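# Report on the structure
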Amino acid sequence: MTGATAGLGAHAVRHIAAQPDTRVIVGARGSGTLPPGAEVVPLDLASLDSVRAFADAVVRQLGDARIDVLVLNAGMQTGGVEGRSAEGYELTFAVNHLAHYLLARLLMPHMADHGRLVITTSETHDPAVTPLAPKSLELRELAHPTKSGFGAGVRAYSASKLCNMLTAQSYAAQEDIKARKITVIAFSPGLTGGTSLGRDSSRARRVFVTFLMRTVFRVVGLFRPEYVMGTPERSGEALSEVALGHVTPPPGRIYISLVKGEPKFPDPSELARSQEAQDRAWRESAAMVGITWSNCPASGHQ
């Protein structure tokens, strides 16, 4: 699991680790406060080399065991797009998407049949919910932005969550995943207070966002339930329910969105459902993380 040391992930990991005979390996830069049954293996999602080292360490620790559940939950959001990863990619895109894409690629061969892959996305990927959500897919622009300005950080976050959704869609469509009966779920915790998103932003921006959530979003929530603020406790509990298989989408669907504390099963955005976008995101992401296209089975083809 990534994203387990703070926010909703910290609440989720407590529920998961409390299950009998359960071992949880957490990838994180620090240990945070983890429950019994959870252990940290160092992982810096801003470095693809660190992702590879983490995956190697997990595989060594597993031995002959298999991964029953892989939860890719970590996420970040900043006020702008100036930050860069170790490889020079825009930081939000690198951490939220590229690192998790590579991690899934490296660990999927070690997943157990009938396992579960859970990728945390966001309803902000959908222009029907969030006006700043992407209406087109330009991964090279996301990796190396040429535009900044007001709202750039929110747009980068929304676009990275679209990429998470596209990755989940691609995995769910693969024949090998279907044959192994691995369940793939894209989970949106909804608008959640008390998370660590934006922790690297300026104090003034954090105060402004808090003001929006407590005023404007409350009013909008009267008309749009997606804007009703949830708690990290409930969002974390819901993530654990999804990870443990207590909540599963209906047949043919992979998207679970928490709305007013209850799981809903909406359609992803129109762009997220595009086969061309899914294939292009898979192919271009593979190139960015250093995996050749010939080894990339996206949507059932080599």
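Here the structure is shown first, and the text comes after it.
This section reports on the structure supplied with the text. (Residues numbered from 1 in each chain as written. Predicted model: local features only at pLDDT ≥ 70, side-chain atom pairs only at ≥ 80, totals over all residues. Heavy atoms only, no water.)

## Comments concerning unusual backbone geometry
Selection criterion: Each helix corresponds to a stretch of at least 4 residues labelled H or I by DSSP, and each strand to a stretch of at least 2 residues labelled E; elements are numbered beginning at the N terminus.
Although it is not a glycine, Asp-21 adopts a positive phi angle of roughly 55°. Looking at the secondary structure, you find Asp-21 in the loop between helix H1 (7–17) and strand S1 (24–28). One non-glycine residue, Lys-181, adopts positive backbone phi at about 55°. Here Lys-181 lies in the loop between helix H6 (175–179) and strand S5 (183–188).

## What to know about helix H9 (residues 232–243)
Just so we agree on the cut-off: How far a helix is expected to stretch is found by multiplying one less than its residue total by 1.5 Å. Residue exposure (1.4 Å probe, protein chains only): buried if accessible area is under 20% of the type maximum, exposed if over 50%, otherwise partly exposed.
For H9, with 12 residues, the first-to-last C-alpha span of 16 Å sits near the 16 Å given by 1.5 Å per residue. Looking only at H9, the buried set comprises Pro-232, Ser-235, Gly-236, Ala-238, Leu-239, Ser-240, Val-242 and Ala-243. Among the residues trailing H9, Gly-245 stands out with phi positive, at a value near 85°.

## Quick word on the pairing of strand S4 (residues 111–120)
Rules: If DSSP finds at least two bridges between two strands, the strands pair. We call a crossover right-handed when, viewed with the strands running away from us, the connection from the first strand over the helix to the second turns clockwise.
Across the 10 residues of S4, 8 count as buried, placing the element largely inside the fold. Sheet analysis places strand S3 (residues 67–72) next to S4, joined by 5 bridges and oriented parallel. Residue pairing across strands places Leu-72 opposite Ile-119, the latter belonging to S4. Between S3 and its parallel partner S4, the chain crosses via helix H3 (residues 91–107), and the hand of that crossover is right-handed. Note that S4 and S5 share 5 bridges and pair parallel. Looking at the pairing, Val-118 lines up with Ile-185 of S5.

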